[in-house]
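# Fold and geometry: a report
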Amino acid sequence: MKLSWRYKVTLFMMLAVLGAIVITWGLNRTFLEDYYLYSKINTLHEAYVVVSKMMEEKDTAFPSVAAGTELVASMLFSEEDLLKLEILSTRNNLTIYILWDSIYCTTANTNESHKVFLDRLRSYLYPGSTNLYKEQRKLKTVENEYEVFLIYDSRTQSNYIELFFGDNEHANYMMIRSNVESMQESVQIANKFLTYAGIVVTFLIAVVVLMATKAVVRPIRELSLIAKRMSDLDFDVKYEVTTNDEIGELGHSINALSEKLEHTISDLKSANNKLQTDIEQKVQIDEMRKEFLSNVTHELKTPIALIQGYAEGLKDNINEDAESRNFYCDVIMDEAIKMNKMVKKLLTLNQIEFGNYRLEMERFDIAALIRSVLASSDILMKQNGICALFKQEGPLEVWADEYMIEEVVTNYLTNAVHYADKEKIIEIKALKQEKTVRVSVFNSGEPIPEEEINKIWIKFYKADKARTREYGGNGIGLSIVKAIMDAHNKPYGVVNYENGAEFWFELDADV
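Residues numbered from 1 in each chain as written. Predicted model: local features only at pLDDT ≥ 70, side-chain atom pairs only at ≥ 80, totals over all residues. Heavy atoms only, no water.

Now for the nonpolar core. In globular proteins that are soluble, nonpolar side chains generally tend to be buried together. Core analysis: the biggest nonpolar cluster contains 51 residues, and Ile366, Ile370, Ile405, Tyr412, Ile426 and Phe505 have the highest contact counts within it. Elements with a contribution of two residues or more to this core: helix 6 (322-353), helix 7 (366-376), strand 9 (397-400), helix 9 (402-419), strand 10 (425-432), strand 11 (436-444), helix 11 (477-488) and strand 13 (500-508). By residue number, the principal contributor to this core is helix 9, which donates eight residues. Formed by 27 residues, the second largest nonpolar core is a distinct cluster that contains Met55, Leu88, Met174 and Val187. (Core = buried A, V, L, I, M, F, W, Y, C linked by side-chain atoms within 4.5 Å. Buried < 20%, exposed > 50% of the residue type's maximum accessible area, 1.4 Å probe, protein only. Helix = DSSP H or I, 4+ residues; strand = E, 2+ residues; numbered from the N terminus.)

The subject of this paragraph is unusual backbone geometry. Not every positive phi belongs to a glycine, and Lys422 is a case in point at roughly 55°. With respect to the secondary-structure elements, Lys422 resides in the loop between helix 9 and strand 10. Not every positive phi belongs to a glycine, and Asn489 is a case in point at roughly 55°. Tracing the backbone through its elements, the reader meets Asn489 in the loop between helix 11 and strand 12 (492-497).

Nonpolar side chains collect at one region of the surface, where Val200, Phe203, Leu204, Val207 and Met211 lie side by side and expose about 500 Å² of accessible area between them. Tracing the sequence through the fold places Phe203 in helix 4 (residues 180-231). (Patch = residues over 30% accessible without salt bridge, like charges linked within 9 Å, V, L, I, M, F, W, Y side chains within 5 Å. Areas by Shrake-Rupley, 256 points an atom, 1.4 Å probe, with all protein chains shown as cover. Salt bridge = Lys/Arg side-chain N within 4 Å of Asp/Glu carboxyl O.)

Along the chain, Val207 falls in helix 4. For the pair Val207 and Thr10, spaced 197 residues apart in sequence, the C-alpha separation works out to 8.4 Å.

So, on to the side chain of Asn411. As for its position among the elements, Asn411 is in helix 9. Accessibility expressed as a relative area gives 7% for Asn411, which makes it buried. Among the polar contacts listed, one links the side chain of Asn411 to the backbone oxygen of Glu407, at a separation of 2.8 Å. Those residues in contact with Asn411, other than ones at most four positions away along the chain, are Lys345, Gly477, Ile480 and Val481. (Polar contact = N/O pair within 3.5 Å; in protein donor to acceptor, adjacent residues only side chain to side chain. Contact = heavy atoms within 4.5 Å.)

Structure follows, in structure tokens:
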């Protein structure tokens, strides 16, 4: 069971109070009575000194009286002295008996007080003469002065602590006593009261501590919740510091820790993302390198085999006529040209993909560029019986790398020439939109199969491998387009129609 710090403190305080009360109660039961006796002895001594001094100040030459005759106390003490004795006995719970020169005086208010004193005097002068008093132990002796006893009075069935002075030579006696029963009763009452008071005080302390710790526990709980949210990487919550004590300092520390952790974790995430990107790039580069080697090997295998075969034929003089030798040489040259073009395209593509090519952004006329590409491809289109349409007459300015965009237009147009069929029409458009120019190249023929559309931008991918080989394509052109447009961060794509396919791209018309 989880016990709150608040209840732990309360329980500790209750146990501490109870422990203090139990210890006090035990000390009372063990030592209070002895301490009381010790204090009473001192009180008896002080009373003895007072009475002795009063006696020394009196003229002890009293009139001659018959032996055993009681004289009134006024013959021994004045009213003022009697009042002092009364006050002394009342305040200290004492009873004073004096027999001096046959004059008897006492502060007791009972009619038989003289009998009590005489019986005690008889037991003192003649031990064993009476069973009324039982001496329990002698507490103190002051030589030539007095003795202190703890006695049991069977007449009253009570214990007394008693100071007794006796001058047998002059028959002068003094006895000062105090009831011990009242003291013992007081001890019992005090212990009982201490028990009840301890229970009440413990309960009150529990209530007070619970209320007091509530104010202390509240900010601690709040800080605990903040720390828990921090462990869940939630750093938005902050502790509102309202005090300058230790809790306030802890709040400032928690807030500072939260900010530092947030910044640190943010930096770690950035570093982790960068590392992840680097790893992905490395993997991608490795895959590209493997793919590149595989595709290059595949693409170069056929022309190298052809060149090797025709070169061996020439060397072996398989055909001695000049026409056959020229044919062999034409094949070798044609395959060499294809290989040269493919290598150049691969170099261009690699430069763009690996970021080694820096774009030179400039403003130029895209319409003039398209007309220039059409002019350079005119012979090829006429050989294939293709009709090219481009109706844009005026200039159309765009922002881009002119050399790279010329490569895009050339690849689109070459691709259209090779796949143009049926009507054999190629239509090029350059349309100004709001802030962009959209260039599109349409060729009549069969549309691209839907499952192939997303693959045609992959290097060395050929949608129609037989026909691609026929016109000498190697599947690099569209991947170059993709790399160039990605480098410009501009959109591009292809749209299928029933009678053909249209490739397009967009460029900024304004800065």
